[in-house]
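# Examination of the molecular architecture
Read off the chains here:
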Protein chains: 2
Amino acid sequence: MTEEARAFVPGHITGFFSAHPDDSDPTKAGSRGAGLTLTDGVEVTVQQGNGPSLTLNGDAVEVEAVDRVLDALSAPAVVAAETELPLGSGFGVSGALALGTALAANRVYRRQLSENELVTIAHGADVQAGSGLGDVVAQARGGVPIRLEPGGPQDNHLDGIPARARVEYVSMGELSTEDVLSGDTTLLSEAGKRALSRVVEEPTLASFVHASRRFAREAELLTPAVTEVVQDVLAADGQASMAMLGETVFAFGTGLSDAGYEPSVCATHPAGAMLK
Amino acid sequence: MTEEARAFVPGHITGFFSAHPDDSDPTKAGSRGAGLTLTDGVEVTVQQGNGPSLTLNGDAVEVEAVDRVLDALSAPAVVAAETELPLGSGFGVSGALALGTALAANRVYRRQLSENELVTIAHGADVQAGSGLGDVVAQARGGVPIRLEPGGPQDNHLDGIPARARVEYVSMGELSTEDVLSGDTTLLSEAGKRALSRVVEEPTLASFVHASRRFAREAELLTPAVTEVVQDVLAADGQASMAMLGETVFAFGTGLSDAGYEPSVCATHPAGAMLK
């Protein structure tokens, strides 16, 4: 029996979204919206063991979505993950941990599930944990995903912007996805639907970043620190917006560097999550 | 305006399939089945120009699916493609040319179409040209695609086997996809449905190659040369089957090498078609 398996899952920045909860079936809940998958991501190693246990960059952590995946797979695994991405800052790390764990545990424990089944389990776990509504399905797809319908692979409908880009980002702090989503999401979801219409009409990176910036303003999610950085990038003729949900600014090309920041640098990821 | 763009499209070997023609709408026609996308593929460079024209490995060629894509995009492009894959041998080269042309021409001519729209155009073109029924949607997805429902992205439903593998192949000659598909496909499609049921039940590489081999036999597509090579691989404790549709044998791991052949060597491709 395979005793260890590894998976890589790209990070995911959502530019805008509308929330579509479903109290009766977490695999049908989710979000519409669009985002960027990133070459900066999470590497997940799963070993058969006396878990479940999880370490992230060497530290023992509790991530409810991972516990739920291991429970669904009846896999008492020892999971070790490494990432350069900041946590709680809008990069879909919880979704990446859930999806990477599902892919690798399926292999180690020979559960013989299909990719869609594994994505469904990870998506449902992230939704039930309150840590994400759309990261997992985007991370399974790769590229620059447009989420046209919410839910897991049986229900959703994905498209993509056919483009690649260098991406820069700076993170200034955490925002709780759970706090935002447990409040009134009416304003946010209305703004998200307008943004999606715009990007569907013109599926380009330029249209995406414009729609994202307008969404962040209309959804009243901009913090003073994010606003200042985005304005600096615009003043330097760059394009930037805010990652949903984190106090994080992303920019295309050299937008943040040109504005005098020292950003992390990566690129859009051409592929979805993969076993290594 | 961007004057040149490049795309890479993985090769695609179909292990088994059922044919689902639709005379009124080529974007709804297609096939169910499963296959392997390959790191050996086709690199397509599109330039604005006084075309349409196409070269493959430096030679001027006519590929109807590419003409149809360029016509749909109103793009009189100069297309230059390079590939190490043999033609007419079951690697989906026509589909790769169509899809790569669609992705790169959309960029060069700024047509602002989405990925699904470009895949739909390339899929419809390959179907109408009679050169493929499922390669394009598989090549757009990457990995080890299972095609659960026929058609383009608006209609089909894809899943995948969560695995990667080294792949070896030998090609001994061409088979005409058009000739097979224009004959009676009843026997073939019945065998294809049985194979799909088996792989859906157990989505593993072992199940895939077993189902593929049984399909090739039941569909009466095996040629004497293919039969001999497959049996040699089995005798050497390997796993192999035939590529649909070409006189080509593929094997996992070192199946063909172990049986004394000198195969081409590649691997499953973790990503779908991509702009470079």
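Residues numbered from 1 in each chain as written. Chains lettered and ligands numbered in written order. Predicted model: local features only at pLDDT ≥ 70, side-chain atom pairs only at ≥ 80, totals over all residues. Heavy atoms only, no water.

### A look at the sheet that holds strand 11 (residues 264–267) of chain B
All names here are of chain B. If you trace the 4 strands from one edge of the open sheet to the other, you get 9-10-8-11, paired in antiparallel fashion. Each edge of the open sheet is held by one strand with a lone partner, namely strand 9 (240–242) and strand 11. Taken over all neighbouring pairs, the strand axes of this sheet differ in orientation by 30° on average, direction set aside. Sheet topology places strand 8 (residues 166–173) next to strand 11; 4 bridges connect them, and they run antiparallel. Bridge pairing in strand 11 links Val-167 to Cys-266. Contacting strand 9 and strand 10 (247–252), helix 7 (residues 205–218) crosses the sheet at an angle of about 45° to strand 9. (Pairing = 2+ DSSP bridges. Helix = DSSP H or I, 4+ residues; strand = E, 2+ residues; numbered from the N terminus. Axes fitted to C-alpha atoms, helices over the stretch in contact; angles between N-to-C directions. Contact = heavy atoms within 4.5 Å.)

### Things to note about the side chain of Glu-247 of chain B
All names here are of chain B. One can find Glu-247 in strand 10. Buried and unpaired, Glu-247 has Arg-213 as its nearest opposite-charge partner, separated by 17 Å. Side chain to side chain, Glu-247 and Thr-223 meet in a polar contact 2.7 Å long. With sequence-adjacent residues up to four places away left out, Glu-247 is seen in contact with Val-170, Ser-171, Met-172, Gly-173, Leu-175, Thr-223, Ala-225 and Val-226. (Buried < 20%, exposed > 50% of the residue type's maximum accessible area, 1.4 Å probe, protein only. Lys, Arg positive; Asp, Glu negative; His and termini not counted. Salt bridge = Lys/Arg side-chain N within 4 Å of Asp/Glu carboxyl O. Polar contact = N/O pair within 3.5 Å; in protein donor to acceptor, adjacent residues only side chain to side chain.)

### Things to note about the sheet that holds strand 11 (residues 264–267) of chain A
Residues and elements named next belong to chain A. On the basis of which strands lie adjacent, the open sheet formed by 4 strands has the order 9-10-8-11 and antiparallel pairing. Of all strands in the sheet, those with a lone pairing partner are strand 9 (240–242) and strand 11, marking the two edges. On average, adjacent strands in this sheet sit at an angle of 30° to one another, irrespective of strand direction. Pairing analysis gives 3 bridges linking strand 9 to strand 10 (residues 247–252), with the strands arranged antiparallel. Bridge pairing in strand 10 places Met-242 opposite Val-249. The strands touched by helix 7 (residues 205–218) are strand 9 and strand 10; relative to strand 9, the strand with the most contacts, the crossing angle is about 45°.

### Description of the relation of the copies chain A and chain B
Mapping between the two copies of the chain is achieved by a rotation about an axis and a shift along the axis. Take chain A, turn it by 180°, move it 0.0 Å along the axis, and it overlays chain B with an RMSD of 0.0 Å. Taken together, the rotation and translation relating the two chain copies correspond to the operation of a two-fold axis. Closest approach to the rotation axis within chain A is made by the C-alpha atom of Ala-271 of chain A, at a distance of 2.2 Å. (Least-squares fit on C-alpha atoms with pLDDT ≥ 70 in both.)

### Brief notes about the side chain of Ser-241 of chain B
Residues and elements named next belong to chain B. Among the structural elements, Ser-241 can be located in strand 9. Look at Ser-241 and you get buried, because its relative accessible area is 1%. Within the structure, Ser-241 has its side chain in polar contact with the backbone oxygen of Ser-212 (distance 3.4 Å).

### Things to note about the interface of chain A and chain B
Between chain A and chain B, the contact holds 27 residues from the first and 27 residues from the second. Interface area, chain A with chain B, both sides summed: about 2,200 Å², of which 48% is carbon and sulfur. When the buried surface of chain A facing chain B is broken down by residue, Gln-112, Glu-115 and Pro-162 of chain A rank first, second and third, together holding 26% of it. For the pair chain A and chain B, the interface holds 2 salt bridges. The closest approach of N and O atoms between Arg-141 of chain A and Glu-115 of chain B, which form a salt bridge, is 2.4 Å. Linking chain A with chain B are 14 residue pairs in polar contact (both at pLDDT 80 or more), by the criterion used here. Looking at the side of chain A that touches chain B, the elements that each hand over two or more residues are helix 2 (93–108), helix 3 (115–129), strand 7 (157–160) and strand 12 (274–275) of chain A. At 4 residues, strand 7 of chain A tops the list of elements feeding residues into the side of chain A that touches chain B. Residues of the side of chain A that touches chain B, tallied by class, amount to 13 nonpolar, 8 polar and 6 charged. (Buried area = accessible area lost by both parts, 1.4 Å probe. Nonpolar A, V, L, I, M, F, W, Y, C, P; charged D, E, K, R; others polar.)

### Points about the UniProt feature "domain: GHMP kinase N-terminal" (unreviewed entry) in chain A
UniProt tags residues 65–143 of chain A as "domain: GHMP kinase N-terminal" (unreviewed entry). Spanning residues 65–143 of chain A, this segment combines 58% helix with 8% strand, and its end C-alpha atoms are found 23 Å apart. (UniProt positions renumbered as here; feature names shortened; annotations may be inferred.)

### Looking at the environment of Arg-111 of chain A
Residue and element names in this part refer to chain A. Tracing the backbone shows Arg-111 in the loop between helix 2 and helix 3. Residue classification places Arg-111 among the partly exposed residues on the basis of a relative accessible area of 33%. Linking Arg-111 and Leu-73, residues 38 residues apart in sequence, is a C-alpha distance of 7.3 Å. Not counting residues up to four positions away in its chain, the partners in contact with Arg-111 are Leu-73, Ser-74 and Asn-106. Of note is the side chain of Arg-111, whose polar atom sits 2.9 Å from the backbone oxygen of Tyr-109.

### With respect to the pattern of salt bridges
In this structure the tally under the stated criterion is 19 salt bridges over all chains. A salt bridge links Glu-64 of chain B to Arg-68 of chain B, with the nearest nitrogen and oxygen atoms 2.9 Å apart. Taken as a pair, Glu-64 of chain B and Arg-68 of chain B lie in helix 1 (residues 64–72) at a separation of 4 residues, close to a single helical turn. Assessed through its relative accessible area of 38%, Glu-64 of chain B is described here as partly exposed. Of the residues examined, Arg-68 of chain B reaches a relative accessible area of 33% and is grouped as partly exposed. Residues Glu-168 of chain B and Arg-166 of chain B are paired through a salt bridge, measuring 2.6 Å at the closest nitrogen-oxygen approach. Given a relative accessible area of 0%, Glu-168 of chain B falls into the buried group. Here the salt bridges do not stand alone but share partners, grouping Arg-6, Glu-43 and Lys-276 of chain A into one network.

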